[in-house]
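# Working through the structure, step by step
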Amino acid sequence: MNREEPQERVVQGTTSEERLPCLFLVFATVIVLFAVAFFLRYSGGWRWDVYDASGYLAGLPRSSASVAATTAPAGGPAQKPSAASPIEVGQDVYQANCAACHQPTGQGMSGQFPPVAGSDWVNGDPRVLAAMVLGGLQGPVRVAGAEYNGMMPAWKTVLSDAKIAAVLTFLRQAWGNRSSAVEEEQVKSVRAETTSHAAPWKVEEVETLAGKSAGKEAK
Amino acid sequence: MTEPKRVLLGILLATGVGWLLLVWMPLRKLGPIRPSADGAPFGRAVIGGKVYAANGCASCHTQVIRPPNLGSDIARGWGARRSLPVEYQEEHIVPLGVLRLGPDLADVGERRTEPHWYYRLLYDPRTVYPGTVMPSYRYLFSRVPLLGSPLPDALSLSGRDAPPPGFQVVPGPKARALVAYLLSLKRVPLGETGKTP
Amino acid sequence: MANMSESEEAPVMTAASEAGSSLRGPFLWLLGPATVWLWVATILALLGSLKLVDPRFLGAWGWLTFGRISPAAFLSFVYGFGVPVGLSAALWAVTKGGRLPLLGRRWCLATSFLWNVGLWGGITGVLAGESRSLSWLGLPTFSLPSLGLAYLLSAGWLVAALVSQWEKTSLASRFLLLGLVWIPWAGGAAALMLHDPAVRGVAVGSLEWWFNDGLLYAGLGAFALGIVYLLVPVSLGRPVAFSGLGRIAFWAWALFANLAGTAHLVGGPFPLWMVSLGVSSRFLLWVAAVAVGVGFWVAARGGAAEKGDWDPSWHFLRFGMSSLLVAAGLGALLALPAWSRYVHYTVLEEAQLILFLYGFLGMTFFSLLYTLLPRVLGRPWPSPTLAKAHFLLSSYGISFLVGLLAAGGLFQGVGLDDPDLPIHEVIVSLLPFLRSAAAPATALLAAHAVFGLHLLWLVVESGSSRRVEEEAALAGSAREGVRTP
């Protein structure tokens with residue numbers, strides 16, 4: 001008697017097929033889509049040198065005190081958090097994306113990563129500089145009197161024009177560099193000109209942009 | 001292949017994906033520059049790292065500076081910039097931490113440079129921070145007879161903490177190592193010369 | 001026994017008489033020490049929370065410093081209680097309440113002995129200051145060989161047995177297999193890596209978190225889900241619904257449990273994709289948990305119609321499933337960067353962990369013990385009141401503990417985010433919550449004491465009856481076993 005009872009119940013249970021609740025399907029679809037979208041949006045291109053998301057995550061308003069702490073000499077009229085000065089944005093972009101190799105101080109690492117502080121490339125033609133950062137750089141390059149031969153990945157898929165302009169402006173004005181700011185438009189036009197160039201630049205190739213650019217701009 | 005074998009294989013593959021992505025590849029890409037035994041750090045600070053781990057400082061302290069958009073770490077002055085892998089590159093003990101019941105210590109060697117301050121804190125945190133939840137680590141210190149003048153790193157204690165007359169309290173080897181470790185927590189990447197502007 | 005979700009085999013209480021003779025020993029070897037570890041864990045956890053209330057409590061004695069007892073409490077719960085109960089679940093599934101080959105018996109004895117020796121050494125080592133402070137990898141090196149050998153001895157045999165009597169549709173076997181395979185695989189790999197001097201840098205951190213979430217979800221979590229699939233037919237008389245969905249959930253679980261840990265590393269020195277992968281995996285694990293949960297509640301609605309007695313097993317199981325859904329959801333939502341800014345490194349995350357550990361794993365494991373032990377020992381639980389007291393104390397204890405920590409964590413997180421608020425004041429605002437958490441922690445200790453006494457009573461009673469009136473007792477148990485879990 002006792003042995004039969006549960007058996008009957010099992011049979012009952014399996015015969016009445018249940019239908020998946022609609023609510024579950026909606027929930028599962030929404031969450032799965034969200035998870036996939038989240039990952040695609042913040043995958044950072046699967047790169048080992050991208051630490052922070054640009055865009056939404058990086059753009060979350062910072063608390064006022066943290067802005068004050070990182071930018072002592074602001075001085076200007078109070079601005080909305082989203083309209084932070086390019087230097088500030090650039091510093092964040094730099095610390096998040098470039099500092100892993102070029103080091104938080106811009107000094108690079110001897111033999112592996114060239115310095116960006118006191119580099120002639122950084123302080124030179126902004127269009128060559130923008131092209132290097134957009135497309136990446138490989139092969140021998142001479143920076144601050146030393147020879148480097150490494151590979152820097154391309155940043156065009158990771159950073160927007162505005163971010164690249166900001167980080168370049170930051171580079172050109174930090175650590176004793178004293179060069180002009182780089183505008184978003186300049187980066188945009190370099191990006192447009194160089195779309196066809198897929199591989200990272202060689203120094204010889206990228207140098208040619210300096211001359212060519214002036215002519216193009218005139219058109 | 002029978003079903004159970006397929007399931008077993010599937011389980012191994014699924015586990016292997018995690019291993020590959022989160023352990024093996026980070027080791028290659030973010031690990032020491034030369035993945036070999038030589039070049040590993042040594043010295044008192046390394047022993048201090050073990051003391052830090054063994055006494056569970058990581059149950060209350062983290063060692064991660066998050067970027068400004070993910071927390072107030074930088075605004076609190078715990079560090080100048082977000083943490084990066086290079087700063088941990090040669091370390092065996094990476095106490096990133098789980099809970100913040102105390103300040104972040106990633107950069108503490110930059111803020112506090114005085115060994116005696118650390119000894120006092122570890123011996124009796126309540127003399128430094130009244131009412132704090134940080135426990136006392138006086139078991140890392142020893143009481144030795146006072147012969148002549150106190151040893152240079154004897155603690156100057158008063159009140160209830162004071163040792164009986166004729167004795168002095170000095171940090172034991174573990175306390176010394178621990179403080180050497182804490183002082184070394186500057187998170188200055190290899191080859192760096194200056195500081196952030 | 002009922003280890004199938006849909007197979008024809010019914011969860012009938014067969015052959016309790018033969019089972020009693022042969023399974024009694026192995027199960028008691030595994031579960032007796034597990035109960036002791038449960039106490040050790042709870043006492044250490046309570047001590048830890050008292051130490052936070054007043055750090056001078058019990059003095060500055062190295063062995064009992066907060067930083068050692070709090071990991072020791074978690075480690076003894078997971079390795080002392082969780083793993084042996086997981087192994088018992090697998091043992092229960094393969095023996096089906098029948099006989100155990102003599103060889104299996106010996107293996108169980110060896111496992112129990114080596115495991116507990118290793119663990120006593122390990123926990124003592126943690127308290128003595130031998131740990132590397134790596135969360136679930138925190139047991140000292142010298143305890144690992146014994147633990148590894150112990151696990152492999154019985155897991156190897158159990159895997160072989162599970163595979164040889166594979167049931168096509170059985171989700172329980174799949175989940176148990178995942179737990180059995182994952183722990184030695186990952187534990188061994190992690191232990192070897194950590195002792196290689198070439199392994200340095202942040203990879204140690206990602207290794208730690210790969211293992212942490214893996215152990216909780218793919219190791220013990222898989223055991224607990226296996227138990228859910230084992231027990232639902234016993235308690236409800238019908239299997240968990242939607243086995244097709246369950247299979248998808250299983251694979252999602254097996255894969256994403258290994259990737260979820262990096263969600264903890266948000267803001268840390270890791271590339272963006274690692275963190276995002278962890279966050280997304282937490283969400284997918286949540287979906288998998290809800291998929292199992294839906295099947296569970298659909299089965300419950302259709303199955304639990306008539307219930308005369310108060311069935312402790314079923315109540316524990318239901319509490320466990322509810323905790324799983326909440327804990328998995330919290331785990332996913334708290335990992336979102338927009339939130340983690342506030343909640344990361346606060347006790348809110350600890351609340352989630354406790355809900356998962358004590359609420360889901362612990363309660364599901366108790367559910368197994370309430371079903372399994374009377375069948376193995378051939379006697380019903382002596383006192384339904386004690387079982388009820390155990391359930392009420394632990395369910396209220398866990399709920400209040402989690403609630404208090406979660407609320408405190410919110411205060412702590414918002415306070416930490418305000419850079420002008422000194423950390424001292426942040427902690428002071430958190431202290432009332434930590435202080436009151438000592439009360440539910442005490443309730444939890446009481447609950448585990450009640451369970452231990454009840455178990456002792458059951459063992460003693462079954463032992464004496466076995467000697468004195470063996471025949472009668474066995475006949476009685478065959479009848480009782482069906483109704484009382």
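Fair warning: this is a prediction, and the values are worked out from it, not measured in the lab.

Criteria and thresholds
- Residues numbered from 1 in each chain as written.
- Chains lettered and ligands numbered in written order.
- Predicted model: local features only at pLDDT ≥ 70, side-chain atom pairs only at ≥ 80, totals over all residues.
- Heavy atoms only, no water.
- Helix = DSSP H or I, 4+ residues; strand = E, 2+ residues; numbered from the N terminus.
- Buried < 20%, exposed > 50% of the residue type's maximum accessible area, 1.4 Å probe, protein only.
- Contact = heavy atoms within 4.5 Å.
- Areas by Shrake-Rupley, 256 points an atom, 1.4 Å probe, with all protein chains shown as cover.
- Domains from an automatic or database assignment.
- pLDDT = per-residue confidence, 0-100.
- Pairing = 2+ DSSP bridges.
- Expected span 1.5 Å × (residues − 1).
- Phe/Tyr/Trp six-rings, centres within 6.5 Å; stacked < 30°, edge-to-face > 60°.
- Lys NZ or Arg CZ within 6 Å of the ring centre and 35° of its normal.
- Axes fitted to C-alpha atoms, helices over the stretch in contact; angles between N-to-C directions.
- Parallel < 35°, antiparallel > 145°, perpendicular 65-115°, else oblique.
- Left-handed = near helix turned anticlockwise from the far one by under 90°.
- Buried area = accessible area lost by both parts, 1.4 Å probe.
- Salt bridge = Lys/Arg side-chain N within 4 Å of Asp/Glu carboxyl O.
- Polar contact = N/O pair within 3.5 Å; in protein donor to acceptor, adjacent residues only side chain to side chain.
- Nonpolar A, V, L, I, M, F, W, Y, C, P; charged D, E, K, R; others polar.

## A look at the overall build of chain B
Across its full length, chain B carries six helices and two strands. Reading the secondary structure of chain B in the N-to-C direction produces α-α-α-α-α-β-β-α. Put simply, chain B has 197 residues, and 56% of those count as buried. By sequence separation, contacts in chain B at least 24 residues apart represent 65% of the contacts at least 6 residues apart. Working note: accessible area of chain B is about 8300 Å², and carbon and sulfur atoms make up 62% of it.

## Observations regarding the overall build of chain A
Helix and strand content of chain A: 10 helices and three strands. Listing every helix and strand of chain A by position from the N terminus yields α-α-α-α-α-α-α-β-β-α-α-β-α. Here chain A holds 219 residues, and the buried ones make up 43% of them. Across chain A, the fraction of contacts at a sequence separation of at least 24, relative to all contacts at a separation of at least 6, is 58%. Taken as a whole, chain A presents about 11200 Å² of accessible surface, with 61% of it coming from carbon and sulfur.

## Description of the domain arrangement of chain B
Its domain assignment divides chain B into domain 1 (1-33) and domain 2 (44-184). For domain 1 of chain B and domain 2 of chain B, the distance between their C-alpha centroids amounts to 38 Å.

## Some points on the confidence of the model for chain B
Detailed reading of predicted coordinates is not advised where the pLDDT is low. Residues and elements named next belong to chain B. Looking at chain B as a whole, its pLDDT mean stands at 83, while 89% of the residues score no less than 70. In this model residues 189-197 is a low-confidence stretch, pLDDT under 50, and it forms 26 contacts with partners more than four residues away in sequence or in other chains. In the model output, the complex is listed with pTM 0.79 alongside ipTM 0.89.

## Describing the sheet that holds strand β1 (residues 137-143) of chain A
All names here are of chain A. The strand order across the open sheet formed by three strands is β2-β1-β3, and the pairing between neighbours is mixed. This sheet does not close on itself; its edge strands, each paired only once, are β2 (146-152) and β3 (201-202). Looking at chain direction, β1 and β3 are connected through two bridges and run parallel. Counted as the bridge partner of L137 is W201 from β3.

## Some points on helix α4 (residues 144-164) of chain C
Across its 21 residues, α4(C) extends 29 Å between first and last C-alpha, which sits within 8% of the 30 Å expected from 1.5 Å per residue. Those residues of α4(C) that fall on the buried side of the exposure criterion are C:S146, C:L147, C:A150, C:Y151, C:S154, C:A155, C:W157, C:L158, C:V159, C:A161 and C:L162.

## As for the packing of aromatic side chains
Under the defined criterion, the tally for this structure stands at 48 aromatic pairs over all chains. Between the aromatic rings of A:F39 and A:W46, the centroid separation amounts to 5.3 Å while the plane-to-plane angle is 70°, which identifies the pairing as edge-to-face. With a centroid separation of 6.0 Å and 50° between ring planes, the pair formed by C:W182 and C:W210 is classed as tilted. Here C:W210 lies in helix α6 (residues 203-236) and C:W182 lies in helix α5 (residues 171-194), a separation of 28 residues in the sequence. Of the residues examined, C:W210 reaches a relative accessible area of 0% and is grouped as buried. These aromatic residues form a ring-pair network of at least three members: C:F77, C:F81, C:W310, C:F316, C:F319, C:Y358, C:F365, C:F366, C:Y370, C:W381, C:F391 and C:F451. B:R138 extends its terminal NZ or CZ atom over the ring of B:Y123, reaching a point 4.7 Å from the ring centre. The residue whose ring lies beneath B:R143 is B:F167, and the NZ or CZ to ring-centre distance is 5.7 Å.

## Observations concerning the packing of helix α1 (residues 3-30) of chain B against α5(C)
Angle between the axes and distance between the axes are the two parameters that describe a pair of packed helices. In the contact formed by α1(B) and α5(C), the axes pass within 10 Å of each other and the chain directions differ by 30°. Classified by the angle between their axes, α1(B) and α5(C) sit roughly parallel to one another. Taken as a pair, α1(B) and α5(C) cross one another with a handedness that is right-handed. Contact residues: α1(B) offers B:E3, B:V7, B:L8, B:I11, B:L12, B:T15, B:G16, B:W19, B:V23 and B:L27, while α5(C) offers C:R174, C:L177, C:L178, C:V181, C:W182, C:W185, C:A189 and C:M193.

## Comments concerning the pairing of β2(A)
Strand residues, when the strand is regular, have side chains that alternate between the two faces of the sheet. Residues and elements named next belong to chain A. Note: β1 against β2, seven bridges, orientation antiparallel. Its bridge partner being in β2, R142 is matched across the sheet by E147. Between β1 and β2, which pair antiparallel one after the other, the connecting turn spans two residues, and A144 there sits at a positive phi close to 50°.

## Re the confidence of the model for chain A
Residue and element names in this part refer to chain A. When pLDDT is averaged along chain A, the result is 72; 73% of the residues meet or exceed 70. Within chain A, no element has a lower average pLDDT than helix α4 (residues 64-70), which sits at 35, and none a higher one than helix α2 (residues 22-41), at 92. Segment residues 1-16: pLDDT under 50, and 17 contacts once partners within four positions in sequence are set aside and those in other chains are kept.

## As for the interface of chain B and chain C
In this complex, chain B contributes 79 residues to the contact, which on the side of chain C involves 86 residues. Taken together, both faces of the contact between chain B and chain C bury some 6500 Å²; the carbon and sulfur share is 69%. The tally of links from chain B across to chain C stands at one salt bridge. For B:E3, the salt bridge goes to C:R174, with nearest N and O atoms at 3.3 Å. Between the two partners, chain B and chain C, sit 16 residue pairs in polar contact (both at pLDDT 80 or more). Counting residues per element, the ones that place at least two in the side of chain B that touches chain C are α1 and α2 (44-54) of chain B. Considered class by class, the residues forming the side of chain B that touches chain C number 46 nonpolar, 22 polar and 11 charged.

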